[in-house]
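Structural overview
As a plain string of letters, each chain reads:
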Amino acid sequence: MTLPATPRNVIVVAALMSLLLGLVVLASLTLGAVHLPLSAVWTALASPGRNSEAAVIVRQIRLPRILLAILVGAALSVAGTGLQALLRNPLADPYVLGISSGAAVGAIFALWMGGRLAAASPLAAFAGAMITMVWVYLLGRSGGRLASYTLILAGVITASFLSAIILFMLTLLSTRDVRGIAFWLMGDLSVTPLAELRILAPAIILAIAGLYVLAKDLNVLLLGTEEAAHLGVNVVRVEVGVYILASFLTGIAVSTSGAIGYLGLLVPHLGRMLVGNDHRMLLPTAALGGAILLVVSDTLARTVLAPSELPVGAVTAVAGAPVFIYLLRKTAG
Amino acid sequence: MVKYDLHCRLSGPDPERSGWAWACILAATLSALLSSAAGARLVKDQTGRMVNVPENPHRLVSLAPNITEIVYALGLGDELVGDTDYCDFPPEAEKKPHVGAMVNPSLERIVALKPDLALGTPEANRRETADQLERLGIPVYGVTANTLEGTLGSIENLGKILGCAAEARSLVAQMQARIDRVEKRVEGQPKPTVLFVVWYRPLITVGPHSFIADVIRAAGGVPTGDNLKGEWPRLTLEELQPQNPDVILFPKTESFSPSTEELQRLPGWKDLRAVKDGRMFFVSETVMRSGPRLVDALEELAGILHPVR
């Protein structure tokens with residue numbers, strides 16, 4: 001279905017999805033290993049300063065996770081949408097360019113060095129992601145342009161090389177560090193304290209806004225770079241802009257919560273099925289849709305096998321694969 | 001869900017890395033400053049972290065099976081308000097409210113139990129879990145041991161902070177007496193080389209600095225792999241054959257009970273001296289728990305390596 005991307009339509013869709021997100025968040029706050037009725041959740045939210053167990057559970061355990069899930073879900077989905085447009089490839093996901101492997105190498109390196117560096121492993125992961133972004137750009141451009149073919153190749157080769165490095169470093173780490181890192185690699189939304197969200201939220205929102213500014217150009221880019229250039233789009237600037245913003249979003253997401261898979265790949269497709277290809281409509285849909293899906297996945301991750309918690313990446317993989325197969329069969333006709 | 005969990009077996013320690021220290025000093029200092037608990041004191045736990053332990057903790061959560069055993073052995077079973085899904089000894093421990101697995105316990109369940117102290121070990125728990133609990137206002141005291149003495153030390157330490165130092169000392173004295181008896185009995189006898197198999201495909205054994213290796217030494221054996229690095233080193237067949245251990249030991253667990261015939265059929269194994277002489281034994285899983293029953297395991301091992309005539 002294609003919904004014309006008039007400002008009114010965009011606002012209506014965004015408002016509806018935000019409402020759905022709000023309902024999902026409320027439901028998620030009541031669910032968990034400890035059963036809390038809605039009234040308890042409401043009291044916990046409405047009266048700050050109360051220190052009952054319900055308040056601690058709702059405000060210090062569940063709420064930060066849900067907020068992080070919203071941010072990371074939106075970040076990965078928007079990054080995936082941007083990359084699929086940039087590379088003109090429906091199989092592109094935020095990790096195809098090696099960013100998540102770079103982040104993992106950064107995190108493992110910090111753990112290996114131990115001490116103060118180990119405590120700052122999210123920063124090290126982000127540094128790893130950004131270094132990989134620059135490296136893949138330098139490797140994958142041809143003639144000053146980000147031609148999609150060489151960029152994908154550069155990304156895939158870099159990702160696979162870094163994966164080998166990761167496996168090597170894992171053998172060097174002590175067993176207890178490996179345990180922690182294995183969880184992070186599978187996606188873990190529970191480790192980030194509320195204070196860090198105050199830095200993450202503006203960063204992610206700004207980057208998503210940046211991509212939204214490029215939405216019209218992304219539409220034109222889909223026609224092909226030559227056609228886009230003829231239509232007056234500054235192709236190089238748009239390509240580099242999308243590349244940097246998408247990599248930045250991916251880097252932040254992976255540094256805080258590990259490699260949560262399938263969202264960046266599937267949510268753009270689901271979004272296109274709902275609202276069509278116009279990025280002015282697709283980007284907000286993908287952002288909110290990704291947020292909703294990750295909150296749902298995380299809720300499942302902490303309730304399905306309660307009191308044990310599954311890593312959320314496992315849930316998105318188990319749920320994502322059948323969805324992907326369904327989509328594949330549907331488009332194959 | 002499979003009850004057996006590999007993490008439950010990973011009770012080997014690592015003496016070189018105390019990476020918890022720096023990461024948690026800030027959190028612990030902050031919580032010390034903000035602590036309003038009457039009579040809380042800052043102590044150093046066995047992993048080197050500073051922990052704000054309440055004066056009289058009486059609501060404990062145990063995050064590992066060996067800790068649960070120690071708590072019960074000190075007579076504090078009633079103060080245990082929660083333990084993990086894998087805490088199976090003593091049998092009463094299975095009826096306590098469970099908080100999940102060791103590697104990913106549910107923070108919500110722990111908070112809902114209103115503990116004033118959580119007890120963990122870096123051998124089984126993640127440092128992230130300890131950080132998160134500290135942030136939620138629950139102090140986490142860590143124990144760790146990489147020698148037999150270290151296990152006794154864990155018991156004494158826990159006794160001191162839980163307010164039953166006397167019981168702990170008496171328990172440790174009994175354990176030490178039994179250890180001394182075993183060491184005296186096997187003294188002077190030729191020491192067989194012992195391979196302790198944690199897993200056989202691939203072959204994983206215990207590192208030389210683990211308490212399991214120490215138990216083998218105390219039982220009058222020589223653990224293979226003094227040159228091996230790490231807590232759970234992998235051994236290839238090439239490395240194993242020149243060592244040619246006299247005795248091979250397997251821990252008896254629910255999911256790991258291959259028959260001796262099955263083991264003999266593994267490539268390269270049938271040429272090993274231990275296999276040819278039929279000196280392959282299953283030992284109780286308690287040898288992998290750094291707790292009060294470790295001396296039972298020691299006596300069992302000594303009985304195998306140096307049978308009483």
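Attention in this report is confined to the structure presented alongside it. (Residues numbered from 1 in each chain as written. Chains lettered and ligands numbered in written order. Predicted model: local features only at pLDDT ≥ 70, side-chain atom pairs only at ≥ 80, totals over all residues.)

1. Remarks on the overall build of chain A
Across its full length, chain A holds 15 helices and zero strands. For 333 residues, the compact-globule estimate of 2.2 N^0.38 gives 20 Å, and the C-alpha radius of gyration of chain A, at 20 Å, lies within 12% of that figure. Projected onto its principal axes, the C-alpha coordinates of chain A cover approximately 65 × 55 × 40 Å. Intrachain contacts of chain A at a sequence separation of at least 6 include 75% that bridge at least 24 residues. (Helix = DSSP H or I, 4+ residues; strand = E, 2+ residues; numbered from the N terminus. Rg over C-alpha atoms; globule rule 2.2 N^0.38 Å. Contact = placed C-beta atoms within 7 Å.)

2. What about the overall build of chain B?
The helix and strand inventory of chain B stands at twelve helices and eleven strands. Sorting the 309 residues of chain B into buried and exposed places 48% on the buried side. Pairs at least 24 apart in sequence give 62% of the contacts found in chain B among residues at least 6 apart. (Buried ≥ 20, exposed ≤ 12 C-beta atoms within 10 Å, placed from the backbone.)

3. Here's the deal with the pairing of strand β5 (residues 117-120) of chain B
All names here are of chain B. Burial along β5 is two-sided: the residues Leu117 and Leu119 and Ala118 and Gly120 are all buried. Pairing of strand β3 (residues 60-62) with β5, which is carried by three bridges, proceeds in the parallel orientation. Directly across from Leu60, in β5, lies its bridge partner Leu117. Where β5 lies against strand β6 (residues 140-142), three bridges are found, and the strand directions are parallel. Following the sheet pairing, Gly120 is matched in β6 by Gly142. (Pairing = 2+ DSSP bridges.)

4. A few points about unusual backbone geometry
Residue and element names in this part refer to chain B. Residue Phe89 is joined to Pro90 through a cis peptide bond whose omega torsion reads -5°. At Lys114, a position not held by glycine, the phi torsion is positive, near 50°. With respect to the helices, strands and loops of the structure, Lys114 is situated in the loop between α4 (107-112) and β5. Residue classification places Lys114 among the partly exposed positions, given that 14 C-beta atoms sit within 10 Å. Even without being glycine, Asn244 reaches a positive phi, approximately 40°.

5. Considering the interface of chain B and chain A
With 32 residues of chain B in contact, the opposing surface of chain A contributes 27 residues. Elements represented by at least two residues in the side of chain B that touches chain A include exactly α2 (20-34), α4 and α5 (127-135) of chain B. The leading source of residues in the side of chain B that touches chain A is α4(B), at five residues. Residue composition of the side of chain B that touches chain A, grouped by class: 14 nonpolar, seven polar and eleven charged. (Nonpolar A, V, L, I, M, F, W, Y, C, P; charged D, E, K, R; others polar.)

6. Focus: the sheet that holds strand β4 (residues 80-82) of chain B
Residue and element names in this part refer to chain B. An order of β4-β3-β5-β6 is seen for the four strands of this open sheet, with the pairing classed as parallel. The sheet terminates laterally at β4 and β6, the two strands that pair on one side only. The sheet shows a mean angle of 35° between the axes of neighbouring strands, direction not considered. (Axes fitted to C-alpha atoms, helices over the stretch in contact; angles between N-to-C directions.)

7. Thoughts on the pairing of strand β2 (residues 50-53) of chain B
All names here are of chain B. Two strands pair when backbone bridges link them, and strand β1 (residues 41-44) and β2 are joined in this way by four bridges, in the antiparallel orientation. Considered in β2, the bridge of Arg41 is made with Val53. Hairpin geometry of β1 and β2 is characterised by an intervening segment of five residues between the two adjacent antiparallel strands and by a positive phi of about 95° at Gly48.

8. Quick look at the nonpolar core
Membership of the largest hydrophobic core comes to 178 residues, with the highest contact counts inside it found for Ala75(A), Leu249(A), Val215(B) and Leu298(B). When residues of this core are sorted by domain, at least three fall in each of domain 1 (6-144) and domain 2 (187-305) of chain B. Once residues within four sequence positions are removed from consideration, Ala75(A) is found in contact with Ile204(A), Leu249(A), Ile252(A) and Ala253(A). (Core = buried A, V, L, I, M, F, W, Y, C linked by C-beta atoms within 7 Å. Domains from an automatic or database assignment.)

9. Brief notes about the environment of Glu55(B)
Here Glu55(B) shows up in the loop between β2 and β3. On a C-alpha basis, the gap between Glu55(B) and Gly39(B) in space is 5.2 Å, while along the polypeptide they are 16 residues apart.

10. Points about helix α9 (residues 194-213) of chain A
Residues and elements named next belong to chain A. End to end, α9 covers 29 Å across 20 residues, agreeing with the expected 28 Å (1.5 Å per residue, within 8%). All buried positions along α9 are accounted for by Leu200, Ile204, Ala207, Ile208 and Leu211. On its buried face, α9 is in contact with α3 (53-86), α12 (235-257) and α14 (279-303). (Expected span 1.5 Å × (residues − 1).)

11. Some details on the packing of α14(A) against helix α15 (residues 312-332) of chain A
Residues and elements named next belong to chain A. Two elements in contact, α14 and α15, have axes whose closest approach is 8 Å; the angle formed by their N-to-C orientations is 115°. Here α15 runs roughly perpendicular to α14, going by the angle between their axes. You can see that α14 and α15 cross each other, and the crossing is right-handed. Counted together, Ser297, Asp298, Leu300 and Ala301 of α14 and Val312, Val315, Thr316 and Ala319 of α15 form the full contact between these two elements. Residue composition of the contact of α14 with α15, grouped by class: five nonpolar, two polar and one charged. (Parallel < 35°, antiparallel > 145°, perpendicular 65-115°, else oblique. Left-handed = near helix turned anticlockwise from the far one by under 90°.)

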